[in-house]
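Each chain, letter by letter, is given below.
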Amino acid sequence: MLNRYLGLAIVVVALGSTLDAFGQEATEIFIPIGQSPGLSDKSSLIGTLESVDPGKKMVTVSGPSGTQTVGITDRTLIWLDRSPQKQSNQNGAIGDLQQGRKVEIKLRKGEPKAVAEWIKVQVVGVK
C-alpha cells in the first residue's frame, strides 16, 4: 500500500513540473525582455541587434558576453515586446528585427550551431 502512494506521489510531482514548464512556454510571449523566470540571462541571450540578414536567415547580437550570430528557421517564433508602451506583446515577423533594437533570444537545444527557438524584439514606437 505504501508503494502505491509513493508511486502516485512521484507521478504527481513529475506531472507538476512538466505543467510548469509548459505553462511558461505558453505564456512566454507575454513576458517582457529580461524578465523570464529561470531563462533570462541564464538560458537566453540578451543584447542589441547588430545586423539582420533575412536571405541567410541570420542575426548578429552584441551583448555583455560579446557578439554572437544566431540562425533563424521557419519554426523560430518572433514576438514584439511592447511592454515599454504599456501594451500587450504580440506576434512579429522577420521584418520586425531591425538593427539597434534590444532583443532576447532563446537558443534551441541540441543544434550543432546557434539557432533561435524564439526571439523577443523590443518595439520602440507604437505599432
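Details of the structure are given in the entry above.
**Student:** How should I be thinking about the sheet that holds strand β7 (residues 116–122) in this particular structure?
**Tutor:** Backbone hydrogen bonds hold the strands of a sheet together, and the pairing may be parallel or antiparallel. Spatially, seven strands are ordered β3-β2-β1-β6-β7-β4-β5 in an open sheet, and the strand pairing comes out mixed. A strand with exactly one partner marks an edge of an open sheet, and here the two such strands are β3 (66–71) and β5 (90–91). Pairing geometry for strand β4 (residues 77–81) and β5, over two bridges, is antiparallel. Of the residues in β5, the one forming a bridge with Trp79 is Asn91.

**Student:** Can you help me understand the side chain of Lys106 in this one?
**Tutor:** Structurally, Lys106 is set in strand β6 (residues 102–107). Here Lys106 is in contact with Leu39, Ser43, Ser44, Val115, Ala116, Glu117 and Trp118, once residues within four sequence places are set aside.

**Student:** Can you help me understand unusual backbone geometry in this one?
**Tutor:** Even without glycine at this site, Lys57 takes up a positive phi of about 55°. Among the structural elements, Lys57 can be located in the loop between β1 (44–53) and β2 (58–63). For Lys57, a relative accessible area of 32% puts it in the partly exposed group. One non-glycine residue, Lys86, lies in the positive phi region at around 60°. Residue placement: Lys86 occurs in the loop between β4 and β5. Take Lys86: its relative accessible area is 77%, and that puts it in the exposed class.

What counts and what doesn't
- Residues numbered from 1 in each chain as written.
- Predicted model: local features only at pLDDT ≥ 70, side-chain atom pairs only at ≥ 80, totals over all residues.
- Heavy atoms only, no water.
- Pairing = 2+ DSSP bridges.
- Helix = DSSP H or I, 4+ residues; strand = E, 2+ residues; numbered from the N terminus.
- Contact = heavy atoms within 4.5 Å.
- Buried < 20%, exposed > 50% of the residue type's maximum accessible area, 1.4 Å probe, protein only.

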